[in-house]
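# Residue-level structural notes
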Amino acid sequence: MTLVPLASAFDLDSHTLRLIAAVAEYGSITRAAAVLGFSQPAVSQQIKRVEARIGMPLVTRAGRGIRLTDAGEVLARHAGAVLTALDSAAGELSDLSGLRTGRVRLSAFPSASSTIVPRLIRSMAAEHAGVRFTYTEAEPPEAVAAVRDGVSDLAIAFHYPDDRADAFTESTEGLVVHHLARDELALLAPAAHPVLAADGPVDLAALRGENWIAGCPRCRSHLLDSCARSGFAPAIAFETDNVVAVMSMVAAGLGVALLPELALEATPLPAGVSSRPTAARDHRMIVAVTRPAGDHIPAVGEALRLLRESTFANSSSGS
């Protein structure tokens, strides 16, 4: 019989390697078939198909039994290492699928660092102890860029949907945005401020003559836009993205500010400072951002599920 190798003839599969390894170990096609759970004719036919494809015999008669040819010996010699590697890979994939292992590279904005992020990591550890997190704190533009660049798997970010100057939609083009929660904003003012004399929401227009304390660039932009909708331009006297500093400045009577409820959860108000919701129901949206199909990665998908089910997400209206 003349065997002619075909193109791609030496592309081998794990099934073939397992058959040859079993024949090498047991010295018999019948015994190998029984151990592997196949019929003897099925194994013989498979070996013949491989021989026809590679253009070389793998087994030959030896007395009343068979033995491997040189080609068969080559496959048998490599089968152990290859099958071990494949079994190891299959085991790791199984672990990933079952979330016994995995990694989530996470980035999030500062007020999430002491609220959303610890709860997420704690919940994941309780349900899937083998999943590891790495974490980088970053404002939304940098966090989203990290996802786009493949540095992060998941970014927790925020944006102000009512703002004309909100560049969030443009910055996330081509990425996937997962909406998590609505985060209401509150007005912070000295407790004795006249605008706080009455209970209930505060109209920002009543504060047109005040000094204002602005936060990060995106929050500063929202302050300008929100005040513009109330008919005035705020006098921004101070700018800092340090929440504790903002509160201290308000307590010292240096100005008023808008802060999200998430920031107030992370840092309780100091004595002498009160908060009120705004009449316009100022708010921002908390979102998670992934690359396309990024949530199909088991650990990332599970992190998203836990984020949606977190206390923060369930306690915020509009989530």
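The structure reproduced in this document is the subject of the present report. (Residues numbered from 1 in each chain as written. Predicted model: local features only at pLDDT ≥ 70, side-chain atom pairs only at ≥ 80, totals over all residues. Heavy atoms only, no water.)

A word on unusual backbone geometry. Negative phi characterises most residues that are not glycine, and trans characterises most peptide bonds. Even without being a glycine, Arg281 presents a positive backbone phi close to 55 degrees. Within the secondary structure layout, Arg281 lies in the loop between strand S10 (273-277) and strand S11 (283-290). Classification of Arg281 as partly exposed rests on a relative accessible area of 45%. Phi at Ala293 is positive, roughly 65 degrees, even though this residue is not glycine. Relative to the helices and strands, Ala293 resides in the loop between S11 and helix H12 (298-308). (Helix = DSSP H or I, 4+ residues; strand = E, 2+ residues; numbered from the N terminus. Buried < 20%, exposed > 50% of the residue type's maximum accessible area, 1.4 Å probe, protein only.)

Here we take up the pattern of salt bridges. If you walk through the whole model with that rule in mind, you get 14 salt bridges. Glu184 is the partner of Arg182 in a salt bridge, and the nearest nitrogen-oxygen pair spans 2.7 Å. Since its relative accessible area comes to 17%, Arg182 is described here as buried. Close ionic contact of Arg220 with Glu239 constitutes a salt bridge, the shortest N to O distance being 3.1 Å. (Salt bridge = Lys/Arg side-chain N within 4 Å of Asp/Glu carboxyl O.)

A surface patch of nonpolar side chains, amounting to about 310 Å² of accessible area, comprises Tyr26, Val35, Leu36 and Phe38. Examined against the element boundaries, Val35 turns out to sit in helix H2 (residues 29-36). Residue classification places Val35 among the partly exposed residues on the basis of a relative accessible area of 40%. (Patch = residues over 30% accessible without salt bridge, like charges linked within 9 Å, V, L, I, M, F, W, Y side chains within 5 Å. Areas by Shrake-Rupley, 256 points an atom, 1.4 Å probe, with all protein chains shown as cover.)

Once that is clear, we can look at the pairing of strand S6 (residues 176-190). Of all 15 residues that make up S6, 11 are buried, and the element is covered over most of its length. Where S6 meets S11, 8 bridges bridge the pair, whose relative direction is antiparallel. Bridge pairing in S11 links Arg182 to Met285. Where S6 and strand S9 (residues 257-260) come together, 4 bridges link them in antiparallel fashion. Looking at the pairing, Ala186 lines up with Leu259 of S9. Here 5 bridges tie S6 to S10, and the two strands are oriented antiparallel to one another. (Pairing = 2+ DSSP bridges.)

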